[in-house]
Amino acid sequence: MSRNKDYSIRELLAAFISREIKDGETVLIGANLPACRAGVLLAHLTHAPNMRWLQFYRANFSDVKQIESFEFVTDYSGFKYCEEVPEYEHLWDTIRRYDVSFFGGLQIDKYGNINLLGIGGQYPKLMFRGPGAIGQSTITTYVGRYYIYSERHHPMIFVDKCEYITAVGWGDGGNSRKKLGLPGGGPKYVLTPLCIMDFEEKTKRMRLKSVHPGVSIEEVKNNTGFQLIIPDDVPETEPPTKEELQVIRTRIDLKGTLREL
């Protein structure tokens, strides 16, 4: 496949996400994550026609030539594509059957635990109040695997220990999830504007997997508030192909949202 250097970091991340999605999987999209949304739809339109999208409704977009922008969870224009609207009281009961989801956080620690509650001070008197768990705790407990996404890579976000935990990643490391009785697969990758990170198999400490083109390992280390595991060989993140960019720009991201930053 031909490569193209004319792409944004969000488009690169969308392509990475697309390659992670398998045909037939059910994918739950979190709120206001346009790169994740684009990546899931890219998979659906290229190699995963039987994938099912869940965002308060179930949908299949494989035959839609141009998908209207509805990247925000509060935008219900996507209902025109829906196949089913589950009864809300049963929605959370079915979470354990979902394969993939995506989440962001105010703080993300070295074991992939997430804080969406708030920062600074003692609850409820916080210096900065976040949206709260909004279902994150339940979904990350049960979903087959999930991906952590952050629009910024900064030491105030990637911290040694979260002040509060709204989603347990790998807990205190090792087999913490198993000890807690959490059945889901836990976080697989962490995606940022600088790099992709995963988790070391035994300790479950966050580890550098790849750096984006033009980013150095030192830059990643300087912008992380804990000591990352750095392998001897750290490759560049694989860029999107021309074919992937064409699908993104002509069928998914018609407004150019992914190229704004």
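Let me sum up the structure you'll find in this document. Given the structure is predicted, the values throughout are model-derived calculations rather than measurements.

## Details of the side chain of Thr-237
And then number 1: Looking at where Thr-237 falls in the secondary structure, it is placed in the loop between α6 (217–222) and α7 (242–252).
And then number 2: The exposure class assigned to Thr-237 is buried, which follows from its relative accessible area of 3%.
And then number 3: One polar contact links Thr-237 to Ser-210, side chain to side chain, over a distance of 2.7 Å.
And then number 4: A distance of 2.9 Å separates polar atoms of two side chains, one belonging to Thr-237 and the other to His-212.
And then number 5: The contact partners of Thr-237, leaving out residues within four places of it in the chain, are Leu-12, Phe-16, Ile-196, Ser-210, Val-211, His-212 and Pro-213.

## Re unusual backbone geometry
And then number 1: Here Tyr-123 and Pro-124 are connected by a cis peptide whose omega angle stands at 10°.
And then number 2: For Pro-124, the location among the structural elements is in the loop between β8 (118–122) and β9 (125–129).
And then number 3: You will see that Lys-204, though not glycine, has its phi angle at about 65°, which is positive.
And then number 4: Structurally, the position occupied by Lys-204 is in the loop between β13 (195–199) and β14 (206–211).
And then number 5: What makes Lys-204 buried here is its relative accessible area of 18%.

How each quantity is defined
Residues numbered from 1 in each chain as written. Predicted model: local features only at pLDDT ≥ 70, side-chain atom pairs only at ≥ 80, totals over all residues. Heavy atoms only, no water. Helix = DSSP H or I, 4+ residues; strand = E, 2+ residues; numbered from the N terminus. Buried < 20%, exposed > 50% of the residue type's maximum accessible area, 1.4 Å probe, protein only. Polar contact = N/O pair within 3.5 Å; in protein donor to acceptor, adjacent residues only side chain to side chain. Contact = heavy atoms within 4.5 Å.

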